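Here is how the chains run, residue by residue.
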Amino acid sequence: MIAVIQRAKSGSVTVDGKIIGKIDHGFVILLGVTDTDEESDADYLTDKISNLRVFNDENEKMNLSIQDVNGSVLVISQFTLCGDTRKGRRPSFIHAAPPEKGNALYEYFMDQLKTKGVPVESGEFGAMMDVALVNDGPVTFVLDSKSS
């Protein structure tokens, strides 16, 4: 499972011209689920994300977690994170999870964040989405559950 975590001043996701998810400050997370991912991958990432100290304290040091700053998370499913670009010029997506598994783990990931007390908004799995954010910093991290 791959998560691109962007510290954001704000973020929103629109489907068919309608905003379906919106946050003020926190993280915008692009989440890719691979064919080998399991709930344990989501558990690892949600624990890491909910405790990641990347928000500034009073001394402008990255010392606070999303929970410390009462932030929210906007989670967007993005199977293209699982694309393999090593050969040729067109990515291969054979390692992306099939839709049923991908959606189940996407939902599980969000549920796990909620159980940690993090407010969660989301996009629509499998939909064409317009994602907007004001990246704070910019501060962006890539987490891969297989690198744990």
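Below is a summary of the structure that appears in this document. (Residues numbered from 1 in each chain as written. Predicted model: local features only at pLDDT ≥ 70, side-chain atom pairs only at ≥ 80, totals over all residues. Heavy atoms only, no water.)

## Some details on the pattern of salt bridges
Phase 1: Evaluation of the coordinates by the stated rule reveals four salt bridges.
Phase 2: Across the pair Asp41 and Lys146 runs a salt bridge whose closest N-O atoms are separated by 3.0 Å. Here Asp41 is found in helix 1 (residues 39-51), whereas its partner Lys146 is found in the segment after strand 8 (130-144), with 105 residues between them in sequence.
Phase 3: Among the charged side chains, a salt-bridge network with shared partners connects Asp37, Asp41 and Lys146. (Salt bridge = Lys/Arg side-chain N within 4 Å of Asp/Glu carboxyl O. Helix = DSSP H or I, 4+ residues; strand = E, 2+ residues; numbered from the N terminus.)

## Regarding the packing of helix 1 against helix 2 (residues 99-115)
Phase 1: Where helix 1 contacts helix 2, the axes come no closer than 9 Å and their chain directions differ by 35°. For helix 1 against helix 2, the interelement crossing comes out right-handed. Residues Glu39, Ala42, Asp43, Leu45, Thr46 and Ile49 of helix 1 lie in contact with helix 2, whose contacting residues are Leu105, Tyr108, Phe109, Gln112 and Leu113.
Phase 2: Grouping the constituent residues of the contact of helix 1 with helix 2 by class yields seven nonpolar, two polar and two charged. (Axes fitted to C-alpha atoms, helices over the stretch in contact; angles between N-to-C directions. Left-handed = near helix turned anticlockwise from the far one by under 90°. Contact = heavy atoms within 4.5 Å. Nonpolar A, V, L, I, M, F, W, Y, C, P; charged D, E, K, R; others polar.)

## Some thoughts on the environment of Glu107
Phase 1: Its location among the elements puts Glu107 in helix 2.
Phase 2: Here the alpha-carbon distance between Glu107 and Ser122, two residues 15 residues apart in the chain, equals 9.5 Å.

## A word on the environment of Glu39
Phase 1: One can find Glu39 in helix 1.
Phase 2: For Glu39, a relative accessible area of 44% corresponds to the partly exposed category.
Phase 3: For the pair formed by Glu39 and Lys9, sequence separation is 30 residues and the distance between their alpha carbons is 29 Å.
Phase 4: For Glu39, the contacting residues outside a window of four places in its chain are Leu105 and Tyr108. (Buried < 20%, exposed > 50% of the residue type's maximum accessible area, 1.4 Å probe, protein only.)

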